[in-house]
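# Remarks on the overall topology
One-letter residues, chain by chain:
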Amino acid sequence: MTRKQKRLAVIAGALVFLGGATTLTFYALGQRTSYFYMPSDLSAKPVEPGQRIRLGGLVEKGSIQRGQGTEVAFAVTDQEKTIKVVYNGLLPDLFREEQGVITEGAFDPAGNFVADSVLAKHDETYMPKEVADSLKEKGVWQEKDGG
Amino acid sequence: MVEIGHFALVLAFALSLVQAALPFIGARTRQDRLMAVGGPVAITAFAMTALSFLALVAAYVQSDFSVLNVWENSHSAKPLLYKITGTWGNHEGSMLLWVLILTFFGALVAAFGRNLPPVLKADVIAVQGLIGAAFFLFVLSTSNPFVRLVLAPIEGSDLNPVLQDVGLAIHPPLLYLGYVGFSVCFSFAVAALIEGRIDAAWARWVRPWTLAAWIFLTGGIAMGSYWAYYELGWGGFWFWDPVENASFMPWLAGTALLHSAIVMERREALKIWTILLALLAFSLSLLGTFLVRSGVLTSVHAFATDPTRGVFILALLAFFVGGSLSLFAFRAQSLQPGGLFQPISREGALVLNNLFLTTATATVFVGTLYPLALEAVTGEKISVGAPFFNLTFGALMVPLMIAMPFGPLLAWKRGDLAAAGQRLFAAAGGALLAGLVALLFVDGVTAFAAVGFGLAAWLLIGAVTDLVLRAGIGSVAPSVALRRFAGLPRSVFGTALAHFGLGLTALGIVSVTALQAERIVAMKPGDTVDISGYVLTFDRMEPVRGPNYTEDRAYFALATEAGRDLGEVISSKRVYTARQMPTTEAGIATRGFSQVYVSLGDPAANGGTVVRVWHKPLVTLIWLGALVMMAGGTMSLADRRLRIGAPARRKVKAAAGVPAE
Amino acid sequence: MVPMLFWIAAAALTLAASLAVLVPLTRKAAGTEPAGRHDIEVYRDQLQEVERDAARGVIEASQAEQAKVEIARRLLKADSDGQAARKAGSGGVVRLAGLAGVLLVPLVSWGLYSAIGAPGVPGEPLAQRMARNPAESSIDELIARAEKHLADNPDDARGWEILGPVYMRQQRFADAATAWRNAIRIAGSSAQRESALGEAIAAAAGGVVTADARAAFERALAKDPNEPKSRFLLASGLAQEGKLAEAADAWQQMKLALAADSPWHEPVDRAIAEAKARLEAPVAKGPNVDDVTAAQEMTPQDRQQMIESMVAGLDEKLRANPDDVEGWQRLIRSYVVLGRADDAKAALARALAGLEGDKKDQVSAFAAELGVKVDG
């Protein structure tokens, strides 16, 4: 191989590598990201059981039921529709009735949302951003009384 | 006192303007006296900023609620330590810390840059001054911590309890030392582009600054990771949270820069690339500052949400990144090509390293910014989390780690891969053995995890192999080998240590990911739970009153299965009275390199308390590895080569010219 | 004193900063070595290093030779660059730029600081404020001091009794209620303490005599059947519930028991008159603004009138801009609280006419909770 050919080979190798990395990145973006839904979005465009999504809203008042041990069930609402969520694990410190939460998981065939992670707002003035935006659009939540 | 601090801040801004202008004019007209202004002005600007910062700290310590910032973020009942750390636990204070560190690095260049040619030094100081002036303007106009309240309230509104932790004392300052440290590399790159003189010597001059920033950033990231691990109560050490990514991107780019600068110094090759990386590392730091400070992200760290600030930082970002890249584009063609090399060579290995690291930076960049961009364009909200990063970033790291031990063993210019492979026989054997042992003798290890263990062993043994071969241990007489070992340049030790540290971190991550055990149980006093050979007994629950919180403290007794007592683990649920905010304080018992982690949950239906217990094998190696990497960096920084450059008659003075750690 | 010290310090700092610019300019130019010298040192060191490595056997001799040739080439280049690089500039630039720089420091700093600084505002360290002579302290500081004292001695009933009325004046009604509860806990129940507690609870509830407040008043009257504040406010409670006739009756009874020179005659008379007026003409009149502003003391009645004036304002606003769910909810609740059930109904009807979709449902659900329904 001449020097020129070698250089071409190196450049071609680098391009193949970069192409591979780009493909991988976009493949992963397509597969490994989860979309954010509010309960009423789900009635508009339903989600297949088993597909991972993030479900956000307010914890419905009076809906928290603690089962034996660490199981807990509650309902997430955006004041229009309500979705029942089951979760097995430790709830975050700031998990309370009528406060914003984001849960991540998938629907089981029976239509319950099985969450494997539950995030609550982080401090007194912070509402998960997606939840706050969506609730504001619906006019349910105002800066002051929601916080 | 408060107002003197405010005045000193304004004065520092004025000095930064002079620092940006005079040395620059001096360098263009080759006037030594104008260039000489840079040093004293940079040092004075630092002194003024330090005075200003101390005034703010004093206001916090004395609970001076006539300062708006203190009133918003402090409380008289807070322990002294958290009063002090509260100074930078908020937007305004942390930006003041940012400029303090920026001027600190400017002063360091002025004080220890005697080995630099005067024109280069003047340009570097001028660029530092320009960055400083821009950020002082930002602080003074949008984030002034010295805004006063004429009728001082009597009590403050307290600091976010999550931030009331020793972690906050160390994490942001270290992180900023790293972030902002890259500003020096940036200034060096811009200075080199202005003069158009970019040669091997430049790479050597910029190296200690890159190293220093890299060491601090490594420490800052590791500290942040450990802090999240024990303070947030989820037991996770890395969340791929946008804020973490914001600090991780400059680290990846900085690591790439460290490696490419070696090639530039030795062979005068990769000049354009190295300059570009130096610009990128700081640009990514600025991007991180923008992401965290503008409030476009919401997470634990997002304590600032004011659009005017966001737009201001975005403008700064555009100015510095855009300006430097235009200068780069303008100058890049005029650079002369450097030394040639074969693909299989030390240079080739370092290029490979750079290829992987920058691609990894790019994937993190995409994963962090794609959701923001998508939301801005379509309004759709997605979350890009751990699965994405594990797939892309992981896929890039595996080949990098496989290639890593080869690098130091290859010769410059033209290397012999087969020979290097032969020398790594021991490492390969060790890796294979480690993988097999893990697969066959440890419960719950999958084939995938076994590969991980093998890879970690490969890195660890590979790093040691490098040292063994260089010292000739085994091939020459022990006494000769010992002498050669002691005589090795410190940078060689630095490389080996840093690579070894990465191996430790990898081992910790693989081990925790593959072997961690978790139990979630509802417990009443007297109940026990078994986990990975330990028995945890819930002893009792007691209410305790802290200085500014009340807590329910749960006492657990930890013992081995055989019944040997290993002491007490205390975990608690805390409520901070001023904000009525609950937090979970995890109980952690360290056994060797492993930890038992106990976190309290809510009351369970049967009257007990939900308790979450983890056994995290070798988890501390994740952060110990980072410490070893820092030690490696420090070792390299102490290498005598980095002090060279001052003309001979100044050599004695210049010998002291290493930046302080 | 303090500003004076500040100006001196500021002037000293400015002087120091200006000197940092000035001194290097006036110093004689330090000896200048050719620009290439620094590079040459680096390359010379690289050469030595290669030699050391070769001597140690870390690199092969042929590689060492190659490296040395390369470094030597850089050495030569740096040397020739150094010879060519000198460019002379004129001293005029130094003087001009130097002057601008030296002037810039005081001008920018004093100019900017005078625009954004607050040199006259003294620092207020908490310890100093606490130690200050009480006569010079603000109410807030005195309260903080009392709170600190009570945090350390929570069983000082006297302290709580002093703090209770102060809290009321500061409009910190919930704190006042806590203070009175503490006083009762420690010093025992008395008519005066219980009635103060009831008043605080009612004030915290926006003037509404809640069940808790009523219980407190009843305890007060058990101790002293003629305690006027309790009797008055209990009657107000009846009026709030819409039992106007009973309220007027209660006030009448109270008036009979009052001493001739009691300050309560006037408010009681006014309350009776108003109750009767409302009994006769169910459509309430608007708020009497003059009364409100004229009232110096916040008697419960004044407070109620003030609420009425706010309600009227809200009503007016909602007529102009009916698309405000929260506003309607507040208005309906206020009318219920004021015992104006018909107005509440009317407001609900107006809300339903002015709103659309879910908002309609929200308001009617809210009203239903309060027992307000539109007829038919």
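Starting from 1, residues in each chain are numbered consecutively following that chain's sequence as written. Both sets of labels track the order of writing: A upward for chains, 1 upward for ligands. In keeping with the model being predicted, local features are shown solely for residues with a pLDDT of at least 70 and side-chain atom pairs are shown and tallied solely at 80 or more, while totals for entire chains, interfaces and linings include all residues. The side-chain numbers reported here are obtained from all heavy atoms of the structure, hydrogens and water having been left aside.

As a further point, take the overall build of chain C. Numbering of helices and strands runs from the N terminus, with a helix taken as a DSSP run of H or I at least four residues long and a strand as a DSSP run of E at least two residues long. Counting its secondary structure elements, chain C contains 18 helices and zero strands. Burial status across chain C gives 39% buried among its 376 residues. Only heavy atoms enter the contact rule, under which two residues are in contact if any of them lie within 4.5 Å. Counted over contacts in chain C with a minimum sequence separation of 6, partners at least 24 positions apart contribute 53%. Here the term buried applies to any residue with accessible area under 20% of the maximum for its type, exposed to any over 50%, and partly exposed to those in between, with areas from a 1.4 Å probe on protein chains only.

This brings us to the pattern of salt bridges. Salt bridges are counted wherever a side-chain nitrogen of Lys or Arg sits within 4 Å of a carboxyl oxygen of Asp or Glu. Per the counting criterion, the structure on display carries 33 salt bridges over all chains. Residue Lys255(C) is joined to Asp269(C) by a salt bridge in which the shortest nitrogen-to-oxygen separation is 3.0 Å. Here Asp269(C) lies in helix 13 (residues 265–280) and Lys255(C) lies in helix 12 (residues 244–257), a separation of 14 residues in the sequence. Overall, Lys255(C) belongs to the partly exposed group, its relative accessible area being 26%. Taking relative accessible area as the criterion, Asp269(C) reaches 35% and is therefore assigned partly exposed. One network of salt bridges, in which partners are shared, links Arg267(B), Glu268(B), Lys271(B), Glu347(B), Lys413(B), Glu70(C) and Arg74(C).

All names here are of chain B. Compared with the 40 Å implied by 1.5 Å per residue over 28 residues, the 41 Å span of helix 1 (residues 2–29) between its first and last C-alpha is a close match. Burial of helix 1 is extensive: 22 of the 28 residues sit out of reach of the surface. Of the residues trailing helix 1, Arg30 is marked for its positive phi of about 55°. To estimate how far a helix should reach, multiply one less than its number of residues by 1.5 Å.

Residues and elements named next belong to chain B. Two strands pair if DSSP finds at least two bridges between them. The strand order 2-10-9-8 describes an open sheet built from four strands, whose pairing is antiparallel. Two strands lie at the open edges of the sheet, namely strand 2 (517–523) and strand 8 (587–591), each paired on one side alone. Strand-to-strand twist across the sheet, computed as the mean angle between neighbouring axes with direction ignored, equals 15°. Pairing geometry for strand 8 and strand 9 (residues 594–603), over five bridges, is antiparallel. Directly across from Ala589, in strand 9, lies its bridge partner Val596. Helix 8 (residues 200–231) contacts strand 8, strand 9 and strand 10 (609–616) of the sheet and is inclined by roughly 45° relative to strand 9. Helix axes use the C-alpha atoms of the stretch in contact, all axes being lines fitted to C-alpha atoms, and the angles between their N-to-C directions lie in the range 0 to 180 degrees.

So, about helix 8 (residues 173–187) of chain C. Residue and element names in this part refer to chain C. An ideal rise of 1.5 Å per residue puts 21 Å on 15 residues; helix 8 measures up with 21 Å between its terminal C-alpha atoms. Regarding helix 8, the residues found buried are Phe173, Ala176, Ala177, Ala179, Trp180, Asn182, Ala183 and Ile184. Considering only its buried residues, helix 8 is in contact with helix 7 (157–169) and helix 9 (191–204). Backbone geometry just after helix 8 places Gly188 at a positive phi near 90°.

Working note: a packed helix pair is described by the angle between its axes plus the distance between those axes. All names here are of chain C. Across the interface, helix 9 lies against helix 10 (residues 211–223) with an axial gap of 8 Å and an inter-helix angle of 165°. If you check the angle between helix 9 and helix 10, you find them roughly antiparallel. When you trace helix 9 past helix 10, the crossing you get is left-handed. Taken together, the residues of helix 10 that come into contact with helix 9 (itself represented by Ala191, Glu194, Ser195, Leu197, Gly198, Glu199, Ile201 and Ala202) are Asp212, Ala213, Ala216, Phe217, Arg219, Ala220 and Lys223. Partitioning the contact of helix 9 with helix 10 into residue classes produces eight nonpolar, two polar and five charged. Each angle is binned into one of four classes, with values under 35 degrees roughly parallel, values over 145 roughly antiparallel, values of 65 to 115 roughly perpendicular, and all other values oblique. Crossing handedness is defined as follows: a turn of the near helix away from the far one that is anticlockwise and smaller than a right angle gives a left-handed crossing, while the clockwise case is right-handed. Throughout, the ten residues Ala, Val, Leu, Ile, Met, Phe, Trp, Tyr, Cys and Pro are labelled nonpolar, Asp, Glu, Lys and Arg are labelled charged, and all others, Gly among them, are labelled polar.

All names here are of chain B. Spatially, five strands are ordered 3-4-5-6-7 in an open sheet, and the strand pairing comes out antiparallel. Two strands close off the open sheet at either side, each with one partner strand: strand 3 (528–531) and strand 7 (581–585). Shown here is a sheet whose adjacent strand axes are inclined to one another by a mean of 25°, direction ignored. Where strand 6 (residues 565–576) meets strand 7, five bridges bridge the pair, whose relative direction is antiparallel. Bridged to Ser572 within strand 7 is Glu585.

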